[in-house]
Each structure stands twice: as structure tokens, then as C-alpha cells.
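Close look at the chain arrangement
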Amino acid sequence: MTFTPEFTVDKVRAQFNALHQTHNDLPVTFFDGPGGSQVPESVLEAMVSYLGHYNSNLGASYFSSQLTTQLVTDARNACQALLNAQSADSIIFGANMTSLTFALSRAISRDWQAGDEIVVTALDHYANVSSWQQAAEDKSALVHQAPIIPNDGSLDVEALLNLINSNTRLVALTLASNTTGSIVEVAPVIEAAKRVGAQVYIDAVHYAPHHLIDVQALGCDFLVCSAYKFFGPHFGIGYVAPKWVQTLRPYKVEPAPELGPARFETGTQSFEALAGLVATIEYLAQWGTQGEDLRTRLVESYAYYNQYETALSEYFLAKLKLLKGVRLLGRLDADCAVRTATFALTFDRISTKEVASALGQLNLCVGSGHFYALGLVRQLGIEADGVLRVGLMHYNTKQEIDRLFIALQRLLHL
Ligand SMILES: Cc1ncc(COP(=O)(O)O)c(C=O)c1O
């Protein structure tokens, strides 16, 4: 008989000790998921167990080294399921998204020439902009930046499409904004890029905790994400499309091998992070039918996350409507197909930094500033104060949102 566990937020929260702590005798509420999510006990246990019993390097014949070697294979397989990659050989590892992007940008740009054109966006985190700006500068290539639509902080896809032409070598864009939460409709962009033979490099860092990635459906050349944004350890994961795994020439440092995904990796990986990563992907898949394969369980589980997060967004947006002196930079639609439950706010009479600091005193953990979405804050002329970002995850609750709005009400209407 198959068994499908029922998703409830209480069952989720029971797995996170961090959510039940107090600080200065006050409960703690984490609203900064887009900056880094909390980590369930199963992931912590996997990491402690690895370091406590099996810490070793690859390739030796004793038990812990063999387990470590197997762990790398297991982690690539789990990531293949997470991204729906064609093969585990398309999965590469690195310290974080930025390091992976920088290293890949050097390899991808090796044969760029003067007159080549690159397209980046004003919605992106600058890890996916400045790596390309530097690579382009080295090759005298031209960089175009697609703007955002000012009133809802989403990407101007039409404007981006107009920037793609026969000189375009690469389009680098995000699947979702870490600042306004808007989801980007990437399909027409990928289609247009393919038509002119340009490569597509996708930042899925903010998207990954909210939506299940499918690199085959996307048809992208490269995609990167970071496990610490989806309930795991600090670790970067990259996807390299099969046709590039052997043909791209990374700047290799010995002992990186000639063949396979490890040719993109430098030095010894964080094996404890890999142990945590495998456990994280199991955590994400836990609401799927037991006995099914990992990808199927992920698909089923993410359906719960999507439904729950849309309900959280609806609740948040309804509360926000009642609050005066605050503006949302983002979409008013709660549907998770168009936005994540990440909200960028600005205030009429008080700086975002002051609001974040006052909320922080109450252990209402939010961030303020530009979150490295530098194109966005510059286009809007709000670089100095940025936005207050409230980032909800599937472990947050309506009661926590109530706490936030009671505090905001008091703060804004003294
Ligand atoms: C959308 C987005 N892209 C890229 C990054 C950089 O990721 P990492 O910290 O793994 O280098 C972040 C980090 O906040 C992000 O939110």
C-alpha cells in the first residue's frame, strides 16, 4: 500500500528547532528566507554524522573514504532529480552561486570577441550581472541591461527580447527576483536566444525554495542555485547542459579531472555540505507518495509548497492593504505562478533601515537595503534606502504575519 503524508505547517515546523527558540525572552520569527532559510534537524544530523564519523577524502580503500566517494555520487543523483537534469554528469558543485557563476563566466567567455553582445537584467542579483560585465570587459564585448517595469518591479521581458540580436552570445537572467518576488517568464527569452544561437545562463537561487526547477523543460544551457536558500547548508549547485560538459573549457586547477562534471570543480568539496544537501532534498521530497522515485516525490511535495505559499501571499497582501504609509514594490497578485511570497516595501515617513531595526528588536527578522538587486534600485532611484524585504517560506504562518502587522501598525502610526 502506498502512503502519502499529509502536509501541514505544524508538521513542517516541528522539524525546525530554530523556529521554536526564544531570544531575549521573546519568540523568534524568521522572515528573511530569501537571505538564507532555516535548516531542519534531519539536515543538521546528516552533517554532524558525516563530520563525526566519516570525515575523510576521496579515493582511499577504507570505509569512510568509500562512503565519502559514494556521497558525491549520491549528491549528484539527488541534484539531478531536483533539477530534472538529463544526467548526474550535468551537476557541478562549488562554494556558492557566485563562485560557480564567476568560474563558469570565465570558461563561457573564452572565445568571445569584440563586438559580441551580452544581455543581463536590472532585476537580477549582481552575482549574475557583474561576472558577465567583467568577462565582457576583458573581451571588449558589449553588455546590455534589460530594464524592469517600475510600477510592479517585474522584468520588462519585451524590452529584453528587443535586445537580443545576431551578435548576442549570452543572456543571463533570473527565474525569480530575490527582492520583489516576481517570477520571470523565461520561455520566450530562451526561445529568442536559441534562435540566434546565444547561450542562456539562469539564476535559480530565489526560485528554488518556492518552485521545482526543470532544466529540460526550460531548455537552458546553465543554471545555478544555492542550498542555503532552500533549507540546506551553504553550498552552490550548477547545471551544465550535456552538450557543454565536455566541450566547454573551464580554467582547471589540478587535480580536477579531464572528464565529467568534476572538471568544473576546484579542490576538495565540503563533504559535510554534500551530506546535508542529500538530506535537504529528501526533506523537500517528504510529502510525496512513499515508494515513488525522488523526482515524483519532489513534484508532489512542491505542489503543497505552491498552494501553501499562495495562501500566505493572499493573507499578507490583504493585511498590507489595510496598512497606511507603506507601498509595495511588486505584484499585487498572490498567485505563486507570478510571485513568490517575498515582498518589497517602502515607507512614506520612515526609512526601511529604521523599520528593519525596530522589527529586529522584536525578533521579527527582516532585511532592508538593495539585496544586490543593484539594477533595480538604481533604475528606481532608491539605492540609498532600498526596500524592506519580508520573505516568507513554507514554514511561516498566518499568525507570524499577524505579529508583523501588529508591530508595523504600532511603528508607523505612533
Ligand atoms: C537571486 C540571487 N542570486 C544570487 C545570489 C548569490 O548567491 P550565493 O550567496 O550563493 O553566492 C543570491 C544571494 O542572495 C540571490 O538571492
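Residues numbered from 1 in each chain as written. Predicted model: local features only at pLDDT ≥ 70, side-chain atom pairs only at ≥ 80, totals over all residues. Heavy atoms only, no water.

Here's the deal with the site of the ligand
As a matter of local geometry, the ligand sits amid Asn96, Met97, Thr98, His125, Asn178, Asp203, Val205, Ser226, Tyr228 and Lys229. Between Met97 and the ligand, the recorded distance is 2.9 Å, taken from a backbone N or O atom to an oxygen atom. Between the ligand and Thr98, the relevant distance is 2.5 Å, taken from an oxygen atom to a side-chain nitrogen or oxygen of the residue. The fraction of the free accessible surface of the ligand (390 Å²) that becomes covered by protein chains is 89%. Grouping the amino acids of the shell around the ligand by side-chain chemistry returns 3 nonpolar, 5 polar and 2 charged. (Near = heavy atom within 4 Å. Polar contact = N/O pair within 3.5 Å; in protein donor to acceptor, adjacent residues only side chain to side chain. Areas by Shrake-Rupley, 256 points an atom, 1.4 Å probe, with all protein chains shown as cover. Nonpolar A, V, L, I, M, F, W, Y, C, P; charged D, E, K, R; others polar.)

Let's talk about the packing of helix α4 (residues 97–108) against helix α5 (residues 127–139)
At a closest axis distance of 9 Å, the pairing of α4 and α5 adopts a crossing angle of 25°. The angle between the axes of α4 and α5 places the two elements in the roughly parallel class. Once α4 is placed against α5, the crossing between them reads as right-handed. Here Met97, Thr98, Thr101, Phe102, Ser105, Arg106 and Ile108 of α4 lie close against α5, whose contacting residues are Ala127, Asn128, Ser131, Trp132, Gln134, Ala135 and Asp138. When its residues are assigned to classes, the contact of α4 with α5 shows 6 nonpolar, 6 polar and 2 charged. (Axes fitted to C-alpha atoms, helices over the stretch in contact; angles between N-to-C directions. Helix = DSSP H or I, 4+ residues; strand = E, 2+ residues; numbered from the N terminus. Parallel < 35°, antiparallel > 145°, perpendicular 65-115°, else oblique. Left-handed = near helix turned anticlockwise from the far one by under 90°. Contact = heavy atoms within 4.5 Å.)

With respect to the UniProt feature "domain: Aminotransferase class V" (unreviewed entry) in the protein
Residues given the UniProt feature "domain: Aminotransferase class V" (unreviewed entry) here are residues 30–404. In the segment residues 30–404, helix accounts for 40% and strand for 16%; the C-alpha atoms at its two ends are 11 Å apart. (UniProt positions renumbered as here; feature names shortened; annotations may be inferred.)

Re the sheet that holds strand β5 (residues 117–121)
Taken together, 7 strands build an open sheet; the order of strands is β4-β12-β11-β10-β9-β5-β6 and the sheet is mixed. Two strands close off the open sheet at either side, each with one partner strand: β4 (91–94) and β6 (142–146). Here the average twist between neighbouring strands, direction ignored, is 20°. In this structure, strand β11 (residues 222–226) lies alongside strand β12 (residues 236–240), joined through 5 bridges in antiparallel fashion. In the sheet register, Ser226 faces β12, and the bridge partner there is Gly236. (Pairing = 2+ DSSP bridges.)

Some points on α4
Taking 1.5 Å as the rise per residue, α4 with 12 residues should run 16 Å; its terminal C-alpha atoms sit 16 Å apart, in good agreement. Within α4, the full set of buried residues consists of Met97, Leu100, Thr101, Leu104, Ser105, Ala107 and Ile108. For α4, the arc enclosing every buried residue in end-on projection is 160°, short of the 170-degree limit, so these residues lie on one face. Along its buried surface, α4 packs onto β4, α5, β9 (168–174), β10 (199–203), β11 and β12. A side-chain oxygen of the first residue of α4 lies 3.2 Å from the backbone nitrogen of Thr98; this N-cap is Asn96. (Expected span 1.5 Å × (residues − 1). Buried < 20%, exposed > 50% of the residue type's maximum accessible area, 1.4 Å probe, protein only. Arc of directions from axis to C-beta.)

Topic: the domain arrangement of the protein
In terms of domain boundaries, the protein breaks down into domain 1 (9–39 + 294–412) and domain 2 (46–282). Relative to domain 2, the C-alpha centre of domain 1 lies at a distance of 26 Å. Listed by partner, the interface residues are 43 residues for domain 1 and 39 residues for domain 2. Buried surface at the junction of domain 1 and domain 2, both sides included, amounts to about 3400 Å², of which 57% is carbon and sulfur. Among the ionic pairs, Glu282 bridges to Arg297, the shortest N-O distance being 3.1 Å. Put simply, domain 1 and domain 2 have 23 residue pairs in polar contact (both at pLDDT 80 or more) between them. Sorting elements by how many residues they give to the side of domain 1 that touches domain 2 places helix α11 (residues 294–321) first, with 8 residues. Per-class residue counts for the side of domain 1 that touches domain 2 are 23 nonpolar, 13 polar and 7 charged. (Domains from an automatic or database assignment. Buried area = accessible area lost by both parts, 1.4 Å probe. Salt bridge = Lys/Arg side-chain N within 4 Å of Asp/Glu carboxyl O.)

Points about the environment of Ser131
Position of Ser131 relative to the elements: it lies in helix α5. For the pair Ser131 and His210, spaced 79 residues apart in sequence, the C-alpha to C-alpha distance is 25 Å. One polar contact links the side chain of Ser131 to the main-chain carbonyl oxygen of Ala127, over a distance of 3.0 Å.

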